[in-house]
Number of protein chains: 2
Amino acid sequence: MSINDPEIPDIVIRRLPIYAQTLTYLTGEGVTTVSSSELGARIGVTAAQIRRDLSYFGEFGKQGKGYNVQFLLNQVRDILHLGHSWGVALVGVGLLGKAIVHYTGFKDKGFEIKALFDSDTRKLGGEEMGMTVNHFSKIPEIIPELGLNVAIVAVPAHSAQEVVDLLIKAGVKAILNYAPITVQVPADVRIRSLDPVAALQSMTYYLNPDPKARSRNGKHSK
Amino acid sequence: MSINDPEIPDIVIRRLPIYAQTLTYLTGEGVTTVSSSELGARIGVTAAQIRRDLSYFGEFGKQGKGYNVQFLLNQVRDILHLGHSWGVALVGVGLLGKAIVHYTGFKDKGFEIKALFDSDTRKLGGEEMGMTVNHFSKIPEIIPELGLNVAIVAVPAHSAQEVVDLLIKAGVKAILNYAPITVQVPADVRIRSLDPVAALQSMTYYLNPDPKARSRNGKHSK
């Protein structure tokens, strides 16, 4: 079975990092075996979902015996190439961009920011963590030079498509997008968007907007 | 049909904010009618998916005529209560927390940060955007006082569960979690995690880690 089997739904691939994270915590707690229902409870999916997800990658567990935590973790790490180190370009060095540069969680997990870009003349030539902030126009030069194929985009919505187009032309194949806009990419490029407002909105659906005077006309009395 | 129909899969609810965002851009571009395939291409899902998603909420489009953009936008906004304004507590005022406080996109979309919490004594009593930074221990007092039921958690992984437990006890029902850990919440509380490393890892699955010497053993020569 090919490891990049196109039949594996993307939604399953998206859950695998959460599996890796959770299994890592379990090993830290000294847990050696985990059932699909225990693992599901930790991750917030059903036991059936766990079994279905993992079935795409072969037989990891024995019926009634649960999964060997370390073995399963190694398998998931292998599938996701988690042992590999990736150089990353960061575009947008505003407040969010700075938080990203200084966040140690990326490098710890093999994602090392190696180039910074912005379009704000006040930021150009400045430094963050020993790296110079370059203008967007340097993307076509610097990204192939450093051989980067992963990028993080932390620019305002109105610049996002332009930046993404530049990155893709320069050879980037995986983009983490913080701009609150849906960006178009060709089929051979992966993009994931982290949009906090969209995440909040998908939760407020479940909340009662105003217990005293609930209305569905978008107005509220407060 | 009940608007909070439990039969509507959560994954559909998660896509609705993206629909709202995309439809808002379309109205801005003066587009009045959109087909399910055009909308799908914008959002990155199939036309069939669009039709299936929207069918949960009634009949929005006419066969062969596409959707009225403004009407569909109004409907999606109503379903998600997007006209409502929500007070939000922010826990964790580090670099990321500061970027969150200063990001205008929350307030613009009806999510107004109204209270700040941290555990770092160097930050306590300080101010951001006119709000005082309070200790975690004030959560049980301040959150019910302000009637907040939405919170953003931007603390390190090791504090996340403790903070989430405090928030839930204080009445919070929807949590946006930036800490890179899976947090346990009761069934009546919603949580969404934005984990940039997990998002990157779910994309590097599709990349060839080392074109010259591909291996699956987690080691690399560089």
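Keep in mind that what you see is a predicted model, and the values were worked out from it rather than measured. (Residues numbered from 1 in each chain as written. Chains lettered and ligands numbered in written order. Predicted model: local features only at pLDDT ≥ 70, side-chain atom pairs only at ≥ 80, totals over all residues. Heavy atoms only, no water.)

1. Some thoughts on the sheet that holds strand β3 (residues 86–91) of chain B
Residues and elements named next belong to chain B. Filter applied, for reference: Note on pairing: two strands pair once DSSP finds at least 2 bridges between them. Per the convention used, a helix needs a DSSP run of H or I reaching at least four residues, while a strand needs a run of E reaching at least two, with both numbered from the N terminus.
Read from one edge of the open sheet, seven strands run β5-β6-β4-β3-β7-β8-β9, paired in mixed fashion. One side of each edge strand has no neighbouring strand; the edge strands of this open sheet are β5 (127–128) and β9 (190–193). With three bridges joining them, strand β4 (residues 111–118) and strand β6 (residues 131–135) adopt parallel strand pairing. Within the sheet, the bridge partner assigned to L116 lies in β6 and is V133.

2. Focus on the relation of the copies chain B and chain A
As a reminder of what qualifies: Alignment of the copies relies on least squares applied to C-alpha atoms, considering only residues that score at least 70 for pLDDT in both. Contact criterion: two residues are considered in contact whenever any of their non-hydrogen atoms come within 4.5 Å of each other.
After a rotation of 180° and a shift along the axis of 0.0 Å, chain B superposes on chain A with an RMSD of 0.0 Å. Look at the turn and shift together and you get a two-fold axis relating the two. When the interface residues of chain B are mapped onto chain A, 100% of them again lie at the interface, so the same face is used by both copies.

3. A few points about the interface of chain B and chain A
Heads up, the rule is: The term buried area refers to how much accessible surface (probe radius 1.4 Å) is lost by two components on association, counted for both of them together. The rule for a salt bridge is simple: a side-chain nitrogen of Lys or Arg has to be within 4 Å of a carboxyl oxygen of Asp or Glu. Here a polar contact means two N or O atoms within 3.5 Å. Within protein one must be a hydrogen donor candidate and the other an acceptor candidate, and residues neighboring in sequence count only if both atoms are side-chain atoms. Amino acids outside the nonpolar list (Ala, Val, Leu, Ile, Met, Phe, Trp, Tyr, Cys, Pro) and the charged list (Asp, Glu, Lys, Arg) are all regarded as polar, and Gly is one of them.
Chain B puts 73 residues into the contact, and the matching count from chain A is 73 residues. With both sides pooled, the region where chain B packs onto chain A buries about 6800 Å², and carbon together with sulfur makes up 64% of that total. Our count for the chain B to chain A interface comes out at zero salt bridges. Inspection of the region where chain B meets chain A yields 16 residue pairs in polar contact (both at pLDDT 80 or more). Split by residue class, the side of chain B that touches chain A holds 40 nonpolar, 19 polar and 14 charged.

4. Describing the side chain of A:S202
As a reminder, the rule being used: The cut-offs for exposure are 20% and 50% of the maximum accessible area for each residue type, with area from a 1.4 Å probe on protein chains only; residues under the lower value are buried, those over the upper are exposed, and the others partly exposed.
Relative to the helices and strands, A:S202 is located in helix α9 (residues 196–204). A residue is classified by how much of its surface remains accessible, and A:S202, at 2% relative accessible area, is buried. Polar contacts involving the side chain of A:S202 include one to the main-chain carbonyl oxygen of A:A199, which spans 2.9 Å. Apart from the residues lying within four places of it in its own chain, the contact partners of A:S202 are B:I13, B:R14, B:P17 and B:R192.

5. Description of the side chain of A:H81
Topologically, A:H81 is positioned in the loop between α4 (69–79) and β3 (86–91). On the accessibility criterion, A:H81 (7% relative accessible area) is buried. Here B:T204 takes part through its backbone oxygen, which lies 3.0 Å from a polar atom of the side chain of A:H81.

6. Points about the UniProt feature "binding site: NAD(+)" (unreviewed entry) in chain A
Residues and elements named next belong to chain A. The criterion, for reference: UniProt positions are given in the numbering used here, feature names are shortened, and annotations may be inferred rather than shown by experiment.
Using the residue numbers shown here, the UniProt feature "binding site: NAD(+)" (unreviewed entry) corresponds to G92, V93, G94, L95, L96 and G97. Along the chain, V93 falls in the loop between β3 and α5 (95–102). If we ignore the near neighbours within four places in the chain, the residues touching V93 are K98, L116, F117, D118, K123, E128 and V133. Positionally, G97 belongs in helix α5. Note on G97: relative accessible area 0%, which makes it buried.

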